[in-house]
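Summary of the model geometry
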Amino acid sequence: MCDVFGKEETMQAYVEEMGDTSLCKASDGAGCGDKEKDFIAKWTGKPAEEVTAQLTRLQGMAAGKMKPELKKWLSQRIAVLKQLAPKDEL
């Protein structure tokens, strides 16, 4: 681990943010926190149109100003919805 990031969590958060990705796997919940698992349970099985609409709405919010913890939660939701959305919708 390099000295720039210090803790492993800091490096992981940076990689997830800059890479626009997440370690959370929506298909089986691996690597997901409780909040993400609840979100996955809520959105699994919803019609593709609803998932796509929510994804578009959240992506539109991403450019706005918000506290770091809210931005992280926004990014986590976007990552989950990208996994749940039909691939031809992206």
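Residues numbered from 1 in each chain as written. Predicted model: local features only at pLDDT ≥ 70, side-chain atom pairs only at ≥ 80, totals over all residues. Heavy atoms only, no water.

What follows concerns the overall build of the protein. Per the secondary structure count, the protein includes 4 helices and 0 strands. Overall, the protein shows an N-to-C arrangement of helices and strands of α-α-α-α. Across the 90 residues in the protein, those meeting the buried criterion constitute 27%. The contacts of the protein with a sequence gap of at least 6 include a subset with a gap of at least 24, amounting to 46%. For the protein, the exposed area adds up to about 6300 Å²; of that, 54% sits on carbon and sulfur atoms. (Helix = DSSP H or I, 4+ residues; strand = E, 2+ residues; numbered from the N terminus. Buried < 20%, exposed > 50% of the residue type's maximum accessible area, 1.4 Å probe, protein only. Contact = heavy atoms within 4.5 Å. Areas by Shrake-Rupley, 256 points an atom, 1.4 Å probe, with all protein chains shown as cover.)

Right, let's talk about the packing of helix α2 (residues 34-43) against helix α4 (residues 68-84) for a bit. Axis separation between α2 and α4 bottoms out at 10 Å; the angle between their running directions is 40 degrees. When the axes of α2 and α4 are compared, the pair comes out oblique. In this structure, the crossing between α2 and α4 has a hand that is right-handed. The residues of α4 that touch α2, namely those facing Lys-35, Glu-36, Phe-39, Ile-40 and Trp-43, are Trp-73, Gln-76, Arg-77, Val-80, Leu-81 and Leu-84. Residues belonging to the contact of α2 with α4 are distributed by class as follows: 7 nonpolar, 1 polar and 3 charged. (Axes fitted to C-alpha atoms, helices over the stretch in contact; angles between N-to-C directions. Parallel < 35°, antiparallel > 145°, perpendicular 65-115°, else oblique. Left-handed = near helix turned anticlockwise from the far one by under 90°. Nonpolar A, V, L, I, M, F, W, Y, C, P; charged D, E, K, R; others polar.)

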